[in-house]
Amino acid sequence: MNRSTNHAMNRVIRRSRRGTTLIEVAIGTMLMALLIVPTLAAMNQSEALRRRHHSHRMMLFSAEERLEQEQVALSDAKYFSDVWNAGFGTDTLSKVALDDGGILIGRTRVLADTSVGKSPAQLVSITVDVWNDVNGDRRMDATEPHETIQSQWASP
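None of the values given here were measured: they were computed from a predicted structure. (Residues numbered from 1 in each chain as written. Predicted model: local features only at pLDDT ≥ 70, side-chain atom pairs only at ≥ 80, totals over all residues. Heavy atoms only, no water.)

**Q** Help me out: how do you make sense of the packing of helix α2 (residues 22-74) against helix α3 (residues 77-85) in this one?
**A** Between two packed helices, both the angle of their axes relative to each other and the distance between the axes serve to describe the pair. At their nearest, the axes of α2 and α3 sit 7 Å apart, and the two run at 105° to each other. With respect to α3, the element α2 is oriented roughly perpendicular. Side by side, α2 and α3 meet where Glu70, Ala73 and Leu74 of the first sit next to Tyr79, Phe80 and Val83 of the second. For the contact of α2 with α3, a count of residues per class yields five nonpolar, no polar and one charged. (Axes fitted to C-alpha atoms, helices over the stretch in contact; angles between N-to-C directions. Helix = DSSP H or I, 4+ residues; strand = E, 2+ residues; numbered from the N terminus. Parallel < 35°, antiparallel > 145°, perpendicular 65-115°, else oblique. Contact = heavy atoms within 4.5 Å. Nonpolar A, V, L, I, M, F, W, Y, C, P; charged D, E, K, R; others polar.)

**Q** What should I look at first to understand the sheet that holds strand β4 (residues 146-154) in this one?
**A** Backbone-to-backbone hydrogen bonds pair the strands of a sheet. The strands run either parallel or antiparallel. Read from one edge to the other, the open sheet built from four strands follows the order β1-β2-β3-β4, with strand pairing classed as antiparallel. At either end of the open sheet lies a strand with only one pairing partner, and these are β1 (90-97) and β4. Averaged over neighbouring strand pairs, the angle between their axes works out to 15° when direction is ignored. The pairing of strand β2 (residues 103-112) with strand β3 (residues 123-131) spans eight bridges and is antiparallel. Residue Ala112 lies in a different strand from β3, and its bridge partner there is Val124. Helix-sheet contacts for α2 involve β1, β2, β3 and β4, and the interaxial angle to β4 is about 20°. The strands that α3 touches are β1, β2, β3 and β4; relative to β3, the one it contacts most, it runs at about 85°. (Pairing = 2+ DSSP bridges.)

Take a look at the structure:
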C-alpha cells in the first residue's frame, strides 16, 4: 500500500468516528423514553399510595381518639347507666378537623349489649366510624374512604 492510499483510509475511518448518526440518537432517545416513562408512572403511583395511606392513618387515629374519649366518659357510673338504659343507645355525629385543614366526619355509637345479661357487669358496645365525606351528605357511603373500630366497655 502506498502512503496516499493509507492516508485516504485513515481519513474515512476518522470521519466515521467523529460523532453519532441521527439513527443512533433516535435509538438512544427511544431507549431513554422506555426507561423514563415507567419510572415516572411508578413515582406517581407511589405518591398516590402515600397520600391514601396518610389519609387512612389520620382517619384511624381520629377514630381511636374518639373511642378513648367515649371510654373515659363511660367511666362515669351515671353516664354509663344512662347509655345502658337508653333503648337505642347513643349516636353522635361530628366533624373532625385535621391539622392540614381537612375535614372528616366522625360517628360514635354506643349500644347496650344485653347478650351477657346484667351479671357480673353490664356491657356496652362502642362503634366509631370516621370517613372522608366526599359528596357532603354526612352519610358514610361505600365508595368513601373510611375507618371503623369497635370495642366493648363494662360498667364501672
